[in-house]
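# Structural description and commentary
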Amino acid sequence: MRSRRAARTLSAGFATVATGHSMDFQEKHKLKERIIKLKLEHNDLDMAISRLADDPTSDELQLTRLKKRKLQLKDTISRLQSMLIPDLDA
């Protein structure tokens with residue numbers, strides 16, 4: 001469910017970038033809030049992964065899924081942050 005929300009946020013943001021108009025203050029604020037939430041989730045996953053990695057009885061499949069989700073979050077965060085960088089006209 002979270003990945004669908006992230007996809008909607010990304011697609012809405014890319015639509016803004018694709019149409020060529022700059023984001024207004026409210027759009028930037030929402031994007032920044034989304035980035036903060038994703039970073040918190042990323043950090044939570046990092047801690048959970050560390051705990052599971054230290055536990056020899058942990059489920060390897062679960063650990064792999066958490067790592068994959070963490071990488072997806074990192075990619076999403078990077079894309080959203082790049083949307084905040086204004087385009088420079090040459």
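Placed above this text is the structure.
Report follows, based on the coordinates. (Residues numbered from 1 in each chain as written. Predicted model: local features only at pLDDT ≥ 70, side-chain atom pairs only at ≥ 80, totals over all residues. Heavy atoms only, no water.)

## Focus: helix H3 (residues 60–84)
One full turn of an α-helix is made of 3.6 residues, so residues set three or four places apart face in the same direction. Look at H3: 37 Å from first C-alpha to last across 25 residues, which is about the 36 Å you get at 1.5 Å a residue. A distance of 3.2 Å separates the backbone nitrogen of Leu61 from a side-chain oxygen at the start of H3, and that oxygen is part of Asp59. (Helix = DSSP H or I, 4+ residues; strand = E, 2+ residues; numbered from the N terminus. Expected span 1.5 Å × (residues − 1). Polar contact = N/O pair within 3.5 Å; in protein donor to acceptor, adjacent residues only side chain to side chain.)

## Digging into the pattern of salt bridges
Scanning the model with the defined rule gives two salt bridges in all. Arg69 is the partner of Glu41 in a salt bridge, and the nearest nitrogen-oxygen pair spans 3.1 Å. Of this pair, Glu41 sits in helix H2 (residues 25–54) while Arg69 sits in helix H3, placing them 28 residues apart in sequence. The class for Arg69 is buried, based on a relative accessible area of 17%. As a salt-bridge pair, Asp46 and Lys70 come within 2.8 Å of each other at their nearest N and O atoms. Placement of the pair is Asp46 in helix H2 and Lys70 in helix H3, with a sequence separation of 24 residues. (Salt bridge = Lys/Arg side-chain N within 4 Å of Asp/Glu carboxyl O. Buried < 20%, exposed > 50% of the residue type's maximum accessible area, 1.4 Å probe, protein only.)

## What to know about the nonpolar core
One finds Leu31, Leu38, Leu66, Leu80 and Met83 to be the most contacted residues of the largest nonpolar core, which totals 13 residues. With residues near it in sequence (within four places) discarded, Leu66 still touches Leu45, Ile49 and Leu52. (Core = buried A, V, L, I, M, F, W, Y, C linked by side-chain atoms within 4.5 Å. Contact = heavy atoms within 4.5 Å.)

## Quick word on the side chain of His42
Relative to the elements of secondary structure, His42 occurs in helix H2. What makes His42 buried here is its relative accessible area of 17%. Ignoring anything within four residues of it in the chain, the contact list for His42 reads Lys70, Leu73, Lys74 and Ile77.

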